[in-house]
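So the chains spell out like this:
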Amino acid sequence: KQRLAIASALLNDPEILILDEPTNGLDPQGIRQIREIIKHIASLGTTILLASHLLDEVEKVCSHVVVLQRGVVLYTGTVSGMISNEGFFELQADDNATLKNMLQQHPAVDKIDEAEDKLMVYINQPLEAGEVNRYLFTNGICLNHLVKRKHSLEEQFLQLTSNQSN
């Protein structure tokens with residue numbers, strides 16, 4: 001039904017196509033098909049306005065995003081701009097206490113949280129995984145686990161909207 005609705009909306013070759021929750025109620029295969037259709041339509045020059053609460057889909061399909069809360073614009077810009085914070089590292093070593101102590105001495109480290117047997121290391125300036133690995137190895141620490149992560153659009157949205165007064 002969604003594919004048919006999109007096709008019928010395209011019959012008059014509109015400049016702008018407005019879609020409200022186009023993947024609602026679809027299985028994963030249907031979601032992927034609709035996502036590809038949307039990307040194809042956009043590649044042909046049609047502007048698409050997509051309203052959705054599924055931020056993972058917005059992140060995969062959209063180039064720009066507007067975050068509204070109670071009619072107030074909280075963010076407008078590119079999707080990549082919204083998620084372009086410095087991110088964080090997920091780290092683990094045989095001795096996480098020594099690892100944490102060494103990381104706290106690094107100037108790019110903002111804060112460290114512990115989750116299960118890993119350290120979540122939040123940074124306040126650009127820092128690559130290789131630099132972290134070299135710094136720790138030079139100081140006698142061998143890592144068992146090192147992953148650099150970015151906050152998802154959903155995480156950024158939640159942080160942005162939670163900062164607003166109710």
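In the block above lies the structure referred to throughout.
Residues numbered from 1 in each chain as written. Predicted model: local features only at pLDDT ≥ 70, side-chain atom pairs only at ≥ 80, totals over all residues. Heavy atoms only, no water.

J.: Got a minute to help me understand the side chain of Gln92 in this structure?
T.: Within the secondary structure, Gln92 sits in strand β5 (residues 88–93). Classification of Gln92 as buried rests on a relative accessible area of 17%. Other than its neighbours up to four places away in sequence, Gln92 contacts Leu99, Asp117, Lys118, Leu143, Asn144 and His145. (Helix = DSSP H or I, 4+ residues; strand = E, 2+ residues; numbered from the N terminus. Buried < 20%, exposed > 50% of the residue type's maximum accessible area, 1.4 Å probe, protein only. Contact = heavy atoms within 4.5 Å.)

J.: Would you mind going over the pairing of β5 with me for this structure?
T.: Remark: a regular strand shows side chains that alternate across the two faces of the sheet. The element β5 is extensively covered by neighbouring structure, given that 6 of its 6 residues are classed as buried. The alternating pattern of β5 places Phe88, Glu90 and Gln92 and Phe89, Leu91 and Ala93 on opposite faces, both of which are buried. Pairing analysis gives 4 bridges linking β5 to strand β7 (residues 118–123), with the strands arranged antiparallel. Paired with Phe89 across the two strands is Val121, which belongs to β7. (Pairing = 2+ DSSP bridges.)

J.: Would you take a moment to explain unusual backbone geometry for this structure?
T.: Trans is the common state for peptide bonds, and a negative phi is the common state for residues other than glycine. In this model, Asp13 sits at a positive phi of 50°, which is unusual for a non-glycine residue. Tracing the chain through its elements places Asp13 in the loop between α1 (2–9) and β1 (16–20). Accessibility expressed as a relative area gives 62% for Asp13, which makes it exposed. Positive phi values are uncommon outside glycine, yet Glu116 reaches one of about 55°. Relative to the helices and strands, Glu116 resides in the loop between β6 (109–115) and β7.

J.: Is there a simple way to think about the pattern of salt bridges in this case?
T.: Pairing is possible between side chains of opposite charge, provided their charged atoms come close. Per the stated rule, a full pass over the model turns up 7 salt bridges. The salt bridge involving Lys60 is made with Asp56; its shortest N-O contact spans 3.1 Å. Pair noted here: Lys60 and Asp56 are both in helix α3 (residues 55–61), with a separation of 4 residues, about one helical turn. The exposure class assigned to Lys60 is partly exposed, which follows from its relative accessible area of 40%. (Salt bridge = Lys/Arg side-chain N within 4 Å of Asp/Glu carboxyl O.)

J.: Explain the nonpolar core to me, please; I cannot follow it from the model alone.
T.: Counting residues in each nonpolar core, the largest one holds 18 residues, and the members touching the most others are Val65 and Leu153. Of all the secondary-structure elements, those providing two or more residues to this core are β1, α2 (28–43), α3, β3 (64–69), β4 (72–78) and α4 (79–82). Val65 has contacts with Val58, Tyr75, Thr76, Gly77, Thr78, Val79 and Met82, leaving out every residue within four places of it along the chain. Among the nonpolar cores identified, the runner-up in size contains 17 residues, and Phe89, Val132, Ile141 and Leu143 belong to it. (Core = buried A, V, L, I, M, F, W, Y, C linked by side-chain atoms within 4.5 Å.)

Taken by themselves, the reported measurements are silent on function.
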